[in-house]
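# Breakdown of the fold
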Amino acid sequence: MPLRVLVLGAGFGGLELTTILSEELGDDVEVTLIDKGEGFTFGFAKLDVLFGHKTADAVRLPYAEISKPGVRFVRETITAIDPAARRVTTDGGGSYDGDVLVVALGADYDFDHTPGLAEHGNEFYSVAGAARLAELLPSFTAGHAVVGVCAAPFKCPPAPSEAALLLHEHLLARGVRDACEISIVIPFGAPVPPSPETSRALVAAFAERDIGFVARRRVASLDGARSAVVLDDGSELPYDLFLGVPKHRAPDVVIASGMTVDGYVPVDSATLATSYPGVYAVGDVATVGVPKAGVFAEGAGRVVARQLIAQARGGEPPAPYDGLGSCYIEFGGEGVARVDVDFLSGPSPTGTFQPPSEALTIEKQHFGTSRAARWFGR
Ligand SMILES: Cc1cc2nc3c(=O)[nH]c(=O)nc-3n(C[C@H](O)[C@H](O)[C@H](O)COP(=O)(O)OP(=O)(O)OC[C@H]3O[C@@H](n4cnc5c(N)ncnc54)[C@H](O)[C@@H]3O)c2cc1C
């Protein structure tokens, strides 16, 4: 009997896991991959949408293109998860079960957590939010733009810094930078806490570009009547354009399943196993001790795939999840930099920095195209 694997969510984690299982086990596995979306979008592509370089349609990789031995893609919304029975219910009216269940549903946004955000601000962390901001940006010709984080943890910790640097670039290219002010508000003491070298380079880039950097603060609310961003210590920044990072949380259906503790699914960081037999959680939905980023979701998906292959073939279990990942950082005109971070091997996370270069700009492009090829056969 083929191993029946139910993969919930076709993001970084679910796609990598599914691809490896199909490549290695072929028809000896029955993967049912469920996602409510029309297609996958890389997180970093939201910055392309935000600054009008690409449209939302252009950056979406349609799930209809997935064609892999042993894999069935189902486009439905998961409405209930029973981890004890390894069964899910969907809005299609049916239910699915498996020998193994992998929860890879990512993190959702809690807009209500930040009063005024939905009515008086904008976010760039969803494709729709980035597209809305792309429509507003051309009419922003003067005033104060604030890039602000509403709560930690949030996906891709360097992304707000990238947004501020690219906004500078965008306003400069339009000839309106001198009439605009840019500030960035983040809840950490440094832009990329595990890597002081990366943080120093980003803080220097902010200073060179006259971008105001507000550390150790989060955005508590937006006061639309007074056009003020209110921070968690009660201080305020006037704003004309707000580019927000909303508070994150696990999707409602995961919280309702009873699998979460403090908002996310706890797992064994070596194996990604949950406390339910045969149930794993990978990526942003899980608490692993690594940041919420695609590279870490992908690495976790890989470890679960190797365990399932060993289970199906009777081989040795794989090495534990290593918590290593490399994140690319857009510096604007200077190109793309990279930080290589190690979250699990030592007593505290560490990171090394590679400054912006043409080679890293090309490497980042390859990162995207290689995934599109492996996951979607492009
Ligand atoms: C602006 C920005 C820039 C970023 N840049 C980078 C970067 O450079 N490098 C990097 O590694 N990461 C980056 N990220 C982070 C990265 O996008 C996420 O961390 C990554 O996508 C998480 O992968 P995942 O598999 O856990 O979840 P996701 O990729 O979020 O996938 C979850 C999937 O579950 C589906 N889903 C959710 N609920 C349901 C339901 N009820 N029913 C059915 N389907 C459901 C969703 O449709 C989605 O497809 C960035 C993020 C942002 C916002």
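Residues numbered from 1 in each chain as written. Predicted model: local features only at pLDDT ≥ 70, side-chain atom pairs only at ≥ 80, totals over all residues.

On a plain count of helices and strands, the chain comes out with 10 helices and 25 strands. At 21 Å, the chain has a C-alpha radius of gyration in line with the 21 Å of a compact globule built from 378 residues. With the C-alpha coordinates of the chain rotated into their principal frame, the extents come out at 65 × 40 × 40 Å. Relative to its 378 residues, the chain shows a buried fraction of 45%. Relative to all contacts within the chain whose residues are 6 or more apart in sequence, the contacts with residues 24 or more apart total 66%. (Helix = DSSP H or I, 4+ residues; strand = E, 2+ residues; numbered from the N terminus. Rg over C-alpha atoms; globule rule 2.2 N^0.38 Å. Buried ≥ 20, exposed ≤ 12 C-beta atoms within 10 Å, placed from the backbone. Contact = placed C-beta atoms within 7 Å.)

Attention shifts here to the site of the ligand. Every one of the 35 residues lining the ligand counts as a neighbour, but Gly9, Gly11, Gly43, Gly106 and Gly283 are closest to it. Taken together, the elements giving at least two residues each to the shell around the ligand come down to α1 (12-25), β2 (29-35), α2 (45-50), α9 (294-313) and β23 (324-330). Classifying every residue of the shell around the ligand by side-chain character gives 19 nonpolar, 10 polar and six charged. Split by domain, the residues of the shell around the ligand number at least three in each of domain 1 (3-107 + 250-321) and domain 2 (111-248). (Near = placed C-beta within 6 Å. Nonpolar A, V, L, I, M, F, W, Y, C, P; charged D, E, K, R; others polar. Domains from an automatic or database assignment.)

This next bit is on α9. A rise of 1.5 Å per residue sets the reference length of α9, with its 20 residues, at 28 Å; its end C-alpha atoms lie 28 Å apart and thus fit the reference within 8%. Within two residues after α9, glycine 314 carries a phi angle of roughly 80 degrees, on the positive side. (Expected span 1.5 Å × (residues − 1).)

With domains assigned, the chain is organised as domain 1 (3-107 + 250-321) and domain 2 (111-248). Placing a centre on the C-alpha atoms of domain 1 and another on those of domain 2 gives a separation of 30 Å. Contacts between the two partners involve 14 residues from domain 1, matched on the other side by 18 residues from domain 2. Sort the elements by how many residues they give to the side of domain 1 that touches domain 2 and α2 lands first, with four residues. Of the residues contributing to the side of domain 1 that touches domain 2, the split by class is eight nonpolar, three polar and three charged.

At their nearest, the axes of α1 and α9 sit 7 Å apart, and the two run at 30 degrees to each other. As summarised for this structure, α1 and α9 are arranged roughly parallel, according to the angle between their axes. The hand of the α1/α9 crossing is right-handed. Contacts between α1 and α9 pair Phe12, Gly13, Gly14, Glu16, Leu17, Ile20, Leu21, Glu24 and Leu25 from the former with Gly294, Ala297, Glu298, Ala300, Gly301, Arg302, Val304, Ala305, Leu308, Ile309 and Ala312 from the latter. Split by residue class, the contact of α1 with α9 holds 12 nonpolar, four polar and four charged. (Axes fitted to C-alpha atoms, helices over the stretch in contact; angles between N-to-C directions. Parallel < 35°, antiparallel > 145°, perpendicular 65-115°, else oblique. Left-handed = near helix turned anticlockwise from the far one by under 90°.)

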